[in-house]
Amino acid sequence: KCNFSIYFLLEVERKIRANDREYNLSFKYATNSIKTSKYNPFTFLPLNLFEQFQRIANAYFLFLLILQVIPAISSLSWFTTVVPLVLVLSVTAAKDAIDDIVKLCGLCGRHPFFSLFHNRLISEKWMNVQVGDIIKLENNQFVTADLLLLSSSEPLNLVYIETVCCEPPNNRLDRFTGTLTFNSQKYSLDNERVLLRGCTLRNTDWCFGLVLFAGPETKLMQNCGKSTFKRTSIDRLMNVLVLFIFGLLALMCIILAVGNGIWENHAGSKFKAFLPREENTVFSAFLTFWSYIIILNTVVPISLYVSMEVIRLGNSYYINWDRTMYHAGSDTPAEARTTTLNEELGQIKYIFSDKTGTLTQNIMTFNKCSINGKSYGQDQSEMTPVDFSFNRLADPKFLFYDHSLVEGVKLELPDVHAFFRLLALCHTVMAEEKREGDLVYQAQSPDEGALVTAARNFGFVFRSRSPETVTIEEMGIQRTYELLAILDFNNVRKRMSVIVRNPEGKLSLYCKGADTIIYERLHPSCSEVMKVTTEHLNEFAGEGLRTLVLAYKDLDEEYFSEWKQRHHESSVALEDREEKLEKLYEEIEKDMMLIGATAVEDKLQDGVTQTLEQLAKAEIKIWVLTGDKQETAENIGYSCNLLREEMNEVFVVAANSPEEVRQELRDARLKMCPDTEQDKFLIPEIILGNTPKVVQDENVNGEYGLVINGHSLAFALESNMELEFLRTACICKTVICCRVTPLQKAQVVELVKKYKKAVTLAIGDGANDVSMIKAAHIGVGISGQEGMQAVLSSDFSFAQFRFLQRLLLVHGRWSYLRMCKFLRYFFYKNFTFTFVHFWYAFFCGFSAQTVYDEGYITLYNLVYTALPVLGMSLFDQDVNAGWSLEYPQLYVPGQLSQYFSKRAFMMCALHSWYSSLVLFFVPYAAIYDTARDNGKDGTDYQSFALITETCLTVTVCVQLGLDLSYWTVVNHLFVWGSLGMFFILTFTMYTDGLYRLRPSSFAFIGTARNCLNQPNVWLTVALTAILCVLPVVVYRFLSSQISPTINEKVRYKVCQMKEPAPRPRRTRLTRRSTRRSGYAFSHAHGYGDLMTSGRYLRRNALTCSTGLIPTGRSPGFKPTGRSAGYSPVGREQNPKQKVEPTSLQVFRAVKDSFF
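Residues numbered from 1 in each chain as written. Predicted model: local features only at pLDDT ≥ 70, side-chain atom pairs only at ≥ 80, totals over all residues. Heavy atoms only, no water.

Explain the overall build of the protein chain residue by residue, including any values.
Of regular secondary structure, the protein chain possesses 37 helices and 32 strands. Expressed as a percentage of its 1155 residues, the buried residues of the protein chain come to 55%. For the protein chain, restricting intrachain contacts to residue pairs at least 6 apart in sequence, the fraction spanning at least 24 positions comes to 75%. If you sum the accessible surface of the protein chain, you get close to 50900 Å²; carbon and sulfur atoms cover 57% of it. (Helix = DSSP H or I, 4+ residues; strand = E, 2+ residues; numbered from the N terminus. Buried < 20%, exposed > 50% of the residue type's maximum accessible area, 1.4 Å probe, protein only. Contact = heavy atoms within 4.5 Å. Areas by Shrake-Rupley, 256 points an atom, 1.4 Å probe, with all protein chains shown as cover.)

Before we move on, can you summarise the sheet that holds strand 22 (residues 546-554) with the specific residues and values?
In space, the nine strands of this open sheet follow the order 14-13-23-22-21-20-19-18-17, with antiparallel pairing throughout. Edge strands, defined here as strands with exactly one partner in the open sheet, are strand 14 (374-376) and strand 17 (460-465). For this sheet the average axis-to-axis angle between neighbouring strands, irrespective of direction, equals 30°. As judged from the five bridges shared by strand 19 (residues 477-487) and strand 20 (residues 495-501), these two strands associate in the antiparallel manner. Its bridge partner being in strand 20, Ala485 is matched across the sheet by Ile499. Sheet strands in contact with helix 18 (residues 630-639) are strand 13 (360-371), strand 22 and strand 23 (593-604), and its direction is about 65° off that of strand 23. (Pairing = 2+ DSSP bridges. Axes fitted to C-alpha atoms, helices over the stretch in contact; angles between N-to-C directions.)

Describe the pairing of strand 24 (residues 621-625), and please don't skip the residues or the numbers.
By the criterion of burial, strand 24 is predominantly enclosed, with five of the five residues buried. Burial of the side chains of strand 24 extends over both faces: Lys621, Trp623 and Leu625 are buried on one face and Ile622 and Val624 on the other. Where strand 12 (residues 348-353) lies against strand 24, four bridges are found, and the strand directions are parallel. Along strand 24, the bridge assignment pairs Phe352 with Trp623.

With reference to specific residues and values, describe the sheet that holds strand 8 (residues 185-189).
On the basis of which strands lie adjacent, the open sheet formed by four strands has the order 1-6-7-8 and antiparallel pairing. The open sheet has two edge strands, strand 1 (14-17) and strand 8, and neither has a second partner. Put simply, the sheet's adjacent strands are angled 20° from each other on average, direction ignored. Here strand 1 pairs with strand 6 (residues 163-166) via four bridges, running antiparallel. Within strand 6, the position partnered with Ile16 by the bridge is Val164.

How would you sum up the pattern of salt bridges? Please name residues and give values.
In this structure the tally under the stated criterion is 38 salt bridges. Arg14 is paired through a salt bridge with Glu217; the nearest N and O atoms lie 2.7 Å apart. Taken together, the residues span a long stretch of sequence, with Arg14 in strand 1 and Glu217 in the loop between strand 10 (206-213) and helix 6 (219-222) at a distance of 203 residues. As far as burial versus exposure is concerned, Arg14 and Glu217 are alike and both buried. Of the charged contacts, one joins Arg493 and Glu589 as a salt bridge, the two residues approaching to 2.9 Å between their closest N and O atoms. With a gap of 96 residues between them, Arg493 in the loop between strand 19 and strand 20 and Glu589 in the loop between helix 16 (577-588) and strand 23 connect regions that are remote in the sequence. Its relative accessible area of 0% is what places Glu589 among the buried residues. Here the salt bridges do not stand alone but share partners, grouping Arg493, Arg495, Glu520, Arg521, Glu586 and Glu589 into one network. (Salt bridge = Lys/Arg side-chain N within 4 Å of Asp/Glu carboxyl O.)

Describe the nonpolar core, listing the residues and the values that go with them.
Ranked by size, the top nonpolar core spans 100 residues in total, and within it Tyr292, Leu304, Phe822, Leu823 and Phe827 carry the most contacts. Of all the elements, helix 25 (residues 803-841) adds the most residues to this core, at 18 residues. Setting aside its immediate chain neighbours within four residues, Phe827 contacts Met238, Ile245, Leu304, Thr832, Phe900, Phe905, Cys908 and Ser912. Counting 80 residues, the second-largest nonpolar core is a separate cluster that includes Ala485, Leu522, Leu548 and Ile595. (Core = buried A, V, L, I, M, F, W, Y, C linked by side-chain atoms within 4.5 Å.)

So, helix 18: which residues are in play, and what are the values?
Counting along an α-helix, one turn takes 3.6 residues, and residues three or four places apart therefore face a common direction. Buried residues dominate helix 18, accounting for nine of its 10 residues. Looking at helix 18, one finds that the buried residues are Glu631, Thr632, Ala633, Glu634, Asn635, Ile636, Gly637, Tyr638 and Ser639. Directly after helix 18, the chain includes Asn641, whose backbone phi takes a positive value near 70°.

Run through the packing of aromatic side chains, naming residues and quoting values.
Pairs of aromatic rings are described using the distance from one ring centre to the other and the angle between the two planes. Within the structure shown, the criterion is met by 59 aromatic pairs. Geometrically, the ring pair formed by Phe352 and Trp623 is edge-to-face, given 5.4 Å between the ring centres and 80° between the ring planes. Highlighted residues: Phe352 in strand 12 and Trp623 in strand 24, separated in sequence by 271 residues. On the basis of relative accessible area, Phe352 is assigned to the buried category, the value being 0%. Centroid distance Phe983 to Trp1018: 5.9 Å. Interplanar angle 40°. Geometry classified as tilted. One end of the pair, Phe983, is in helix 32 (residues 969-989); the other, Trp1018, is in helix 35 (residues 1015-1042), and 35 residues separate them in sequence. (Phe/Tyr/Trp six-rings, centres within 6.5 Å; stacked < 30°, edge-to-face > 60°.)

Got a sec to walk through the environment of Phe875? Specific residues and values, please.
Mapped onto the elements of the fold, Phe875 is located in helix 27 (residues 866-875). We classify Phe875 as partly exposed; its relative accessible area is 27%. C-alpha of Phe875 to C-alpha of Ser965: the two residues are 90 residues apart in sequence and 9.6 Å apart in space. Once residues within four sequence positions are removed from consideration, Phe875 is found in contact with Tyr318, Arg818, Tyr966, Thr968, Val970 and Asn971.

Could you give an account of unusual backbone geometry, with specific residues and numbers?
With phi around 50°, Asn372 is a residue other than glycine that occupies positive phi space. By the element assignment, Asn372 lies in the loop between strand 13 and strand 14. Taking the relative accessible area as the measure of exposure, Asn372 reaches 1% and is therefore buried. The phi angle at Asp591 is positive, at roughly 55°, despite the residue not being glycine. Residue position: Asp591 is located in the loop between helix 16 and strand 23.

Give a description of the UniProt feature "transmembrane region" (unreviewed entry) in the protein chain that names residues and reports values.
Using the residue numbers shown here, the UniProt feature "transmembrane region" (unreviewed entry) corresponds to residues 59-89, 240-263, 283-306, 822-843, 855-875, 904-927, 973-995 and 1016-1038. With 91% helix and 0% strand, residues 822-843 has end C-alpha atoms that lie 33 Å from one another. Across residues 855-875, the secondary structure splits into 95% helix and 0% strand, with the terminal C-alpha atoms separated by 30 Å. (UniProt positions renumbered as here; feature names shortened; annotations may be inferred.)

So, the confidence of the model for the protein chain: which residues are in play, and what are the values?
When pLDDT is averaged along the protein chain, the result is 80, and 81% of the positions lie at 70 or above. Long-range and interchain partners of residues 1-9, a stretch whose pLDDT sits below 50, account for one contact in this model, where long-range means more than four residues apart. Contacts from residues 685-691, a stretch scored under 50 in pLDDT, to residues over four places away or in other chains number nine contacts. (pLDDT = per-residue confidence, 0-100.)

Describe a nonpolar patch on the surface, with residues and values.
Together, Leu251, Ile255, Phe842, Phe843 and Phe921 make up a nonpolar patch on the protein surface, roughly 440 Å² of accessible area in all. Following the sequence through the fold, Phe921 ends up in helix 30 (residues 902-927). (Patch = residues over 30% accessible without salt bridge, like charges linked within 9 Å, V, L, I, M, F, W, Y side chains within 5 Å.)

Any details on the UniProt feature "active site" (unreviewed entry) in the protein chain? Residues and values, ideally.
Feature annotation in UniProt assigns "active site" (unreviewed entry) to the following positions: Asp354. Examined against the element boundaries, Asp354 turns out to sit in the loop between strand 12 and strand 13. Residue Asp354 is classed as buried on the basis of its relative accessible area of 4%. Not counting residues up to four positions away in its chain, the partners in contact with Asp354 are Leu359, Leu625, Thr626, Lys745, Ile763, Gly764, Asp765, Asp769 and Met772. A distance of 3.5 Å separates the side chain of Asp354 from the side chain of Lys745, its partner in a polar contact. (Polar contact = N/O pair within 3.5 Å; in protein donor to acceptor, adjacent residues only side chain to side chain.)

Give a description of the pairing of strand 18 (residues 469-474) that names residues and reports values.
Counting buried positions over the six residues of strand 18 gives five, a clear majority of the element. Pairing of strand 17 with strand 18, which is carried by five bridges, proceeds in the antiparallel orientation. Paired with Phe462 across the bridge in strand 18 is Ile472. Hairpin connection between strand 17 and strand 18: a loop of three residues separates the two successive antiparallel strands. With six bridges connecting them, strand 18 and strand 19 associate as antiparallel partners. Pairing of Thr471 across the sheet is with Thr480, part of strand 19. Between strand 18 and strand 19, which pair antiparallel and follow one another directly, the connecting turn spans two residues, one of which, Met475, has a positive phi of 50°.

Talk me through the packing of helix 15 (residues 557-571) against helix 16; I want residue IDs and the actual numbers.
Two elements in contact, helix 15 and helix 16, have axes separated by 9 Å at closest approach and are oriented at 165°. Classified by the interaxial angle, the pair formed by helix 15 and helix 16 is roughly antiparallel. Handedness of the crossing formed by helix 15 with helix 16: left-handed. Within the contact between the two elements, helix 15 uses Tyr559, Phe560, Trp563, Arg566, His567, Ser570 and Ser571 and helix 16 uses Arg577, Lys580, Leu581, Leu584, Tyr585, Glu587 and Ile588. Residues of the contact of helix 15 with helix 16, tallied by class, amount to seven nonpolar, three polar and four charged. (Parallel < 35°, antiparallel > 145°, perpendicular 65-115°, else oblique. Left-handed = near helix turned anticlockwise from the far one by under 90°. Nonpolar A, V, L, I, M, F, W, Y, C, P; charged D, E, K, R; others polar.)

Describe a negative patch on the surface, with residues and values.
Together, Glu575, Asp576, Glu578 and Glu579 give the surface a local cluster of negative charge. Relative to the elements of secondary structure, Glu575 occurs in the loop between helix 15 and helix 16. Judged by its relative accessible area of 60%, Glu575 falls in the exposed class. (Lys, Arg positive; Asp, Glu negative; His and termini not counted. Charge placed at Lys NZ, Arg CZ, Asp CG, Glu CD.)

As structure tokens, this is what we get:
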């Protein structure tokens, strides 16, 4: 019975019939509906209320509401709590609903597509896709679900299908197993036949696919984390502080209840005429405890959370309105997609970034090259681009700046022609020519596309291919080469070769690959040209370019025939097939002749290097999590200065077993920190009774980098090794994880969140980044070329990586600073307000009488002090945006939570305790046994209450003025307007007219007129305000002189400079690295087999006419002796090879700092 149940709970095999919905629905497979929102109409109210009452303060006010309906306890009406509580819950719920609706309206699942139903195409929405449906996709459309490719616009791709049996849903992106049944015959299916959800159909007009997995069962969604309710570190700290405040409140109420019991025993009988007396003093104390719970509830005012939501909303709009974060090219503004995480942007310590489309544009350009020892390619800023008008097939978007290379082509220099001939033949690019002369190259990797386009512009135009031939135009003459073999690229070989026979019948092998790999396979006669080419490679790498070395070899017909036979035997071998083929490749790829080298630039997005430099100065650590191979990721790391030659060492972890990975990580850590101790790097941190382990930061001398591939990372993320990996990685300045899956990206983020007391941010642009965007504290989506799924799952979005600098260093820092100032001031004014009640209790017989009148209690937080603190929280800034970017070090205090922490809270509480003493006893002493100018007694409860109210209102406004760093017209209006409103409302409420309307509510008749006309009252107000703020002024003065903060240093320097913004500085030439990239290609293994198999090939190109205005024609490549400086025209090509090479100057962009 148990086994029977498990069989139905776990899907072990999936059976699908094509276009048979009735059969497929019987298995209850998931639909294609994707839920990225948190709520639906049925769950919104209970789920949202549950989330809101996770704030302990909200639960506390609900408890107060229950108390206030008990007449024996409450001295205040129930509506004074229920109205603010409902208002807070409603405003927050409305904001959360709007955020969720925005995400719901942006779902890609609403986009239309075509479905094949009853032998006709009908338009459907994504969400209506069912497993087993056959759907049609068109070029540049997103793949709607995991599909089995049936047919496409490419010839030779028609597939007939009846039934498919495949594996159940899983998150393995690199594997798929299944069988296809047709005419009682079964055929195997693998990952190459599957299109995954989240991909985009490129270079294909249309295709049909059978839905295998839909919705949450797709491999992409299996890799995505769940939508979680994110809270800021301040929110989490607030929960802890609220618990402390509750404890403080309970302590005060216990003290006052005990005082009530003592007072009732000793003096209560004397006041029976004024106060109803409970004979049972214990019960009286019990009731008094709950009465003071209600009276002192302002120690945690409910308006605090409303104000926080308003502040966050306002700062979110600042991000949306920031024109400097608007990208005109794509018409994309920055967008705060959530309004609850703004201040968290000011505390980021770790950034996890994707590479392709995030740091780079994924656009490759052919910039420089070396041919037979001569370097070509000049500085673009000092040259005009080459005119390719002689070539009618040239790509008009291709730019090159060295005219001598074009002259070499026109002069028919054999080496130059051989160079571009190799680029036109040795590749896996497809050519599409919908009309004559309009060529479109479809490259699996942008690297190959850039090289083939370069050959095209210099007169060697790739036109078409078939499984057996490659057709190119060489200086206007169409030539068809017989394609005999493709020796494909893989991560071990780091090279690819083609073997072709030219129209004259000559056999040649053309090879391109990593310099270290190619150099090992060169003929000894190439030693001289290899030395000069190596110098050029160093120059190219120093500019951050990605390099390839090109070589060729002439083949003997008899030898090749024998080799080809052995190659065929090895390719069909059942055992050790890969090893046998590799030996054959090694055999034929030797004693090659060096032609030259290429230098391709993987274009970074604008401002990436400067942004990363600024973030590094702000002590933010950058981790790059990419699916690209190690070599590509390292190249980009050096290009954007994440990895630098000045680093002490860059560790590479690429082991294939858990033991080796552990050893490599441990060796790296011990090399960085030789004296580190194994058991003293974890510190416990107690939060609400939990004791999670926190990995403390370890100091290290020097800068280090870490590169780890996906296979090793899988071992490193296991529970018994994750701490070893984290310790080693956190010591490093930069971490690059290569070949990682979306799930691994999320696991890395979760690991740092789990063991580091730090705020994390993840940024990406594709569907494969969604999991880490959801996992991080802050998720940022870039609206790029890979769709909108990352944006839809993000908290903030924009179009370019460079905007991250302004998002964090300006908006994030300001939001955090404003929120911290708001909290410190809000707690100060409310603690002070509440503690005065505590002191007054000792003078009113602990009778739960309030020191202020009810009108002031109601309006204190709503009118008198609400707008000034909101003005500060929305407009204050210590320095403007320009200086914030000029000094990224200003960001560091936020990472350390220096502006608001438990210590800052205690200091605020102590200041409030002191101020409440002053505010109670100074007015008490000032009016004690005094008379007014008319000789009447000036000592009464109502006069004392009004003087205390006035002193409190003026004092908190003065304190806010001291806290405010940036006065605006709005701040002046709010501060002075609130003070004016206090006096206007006070005189209004204390008039006889309102007293006649409602005597019980407006009992302080005439008090304002009689009291505030006394000079000693205003002297008391001034003295109280001065005494309250004096300790703050003294402390700030002494601390700024003895131990100034980074903010004080910068503000002092800005004041000295008397400039509104920093002057723009010219960025000097930066030498990024002298490291040579090992291999430029980023395409995957297997495309060689794809080309020769005849699959996915387009129709032959149109009959080609001469596309060039030839200045000379070369009938074919005629190999000559290879030596540095050889020239067929008898001139020396590279005279500088005879000169002792000098070291290249290294320029670095260095900015002045007064720190």
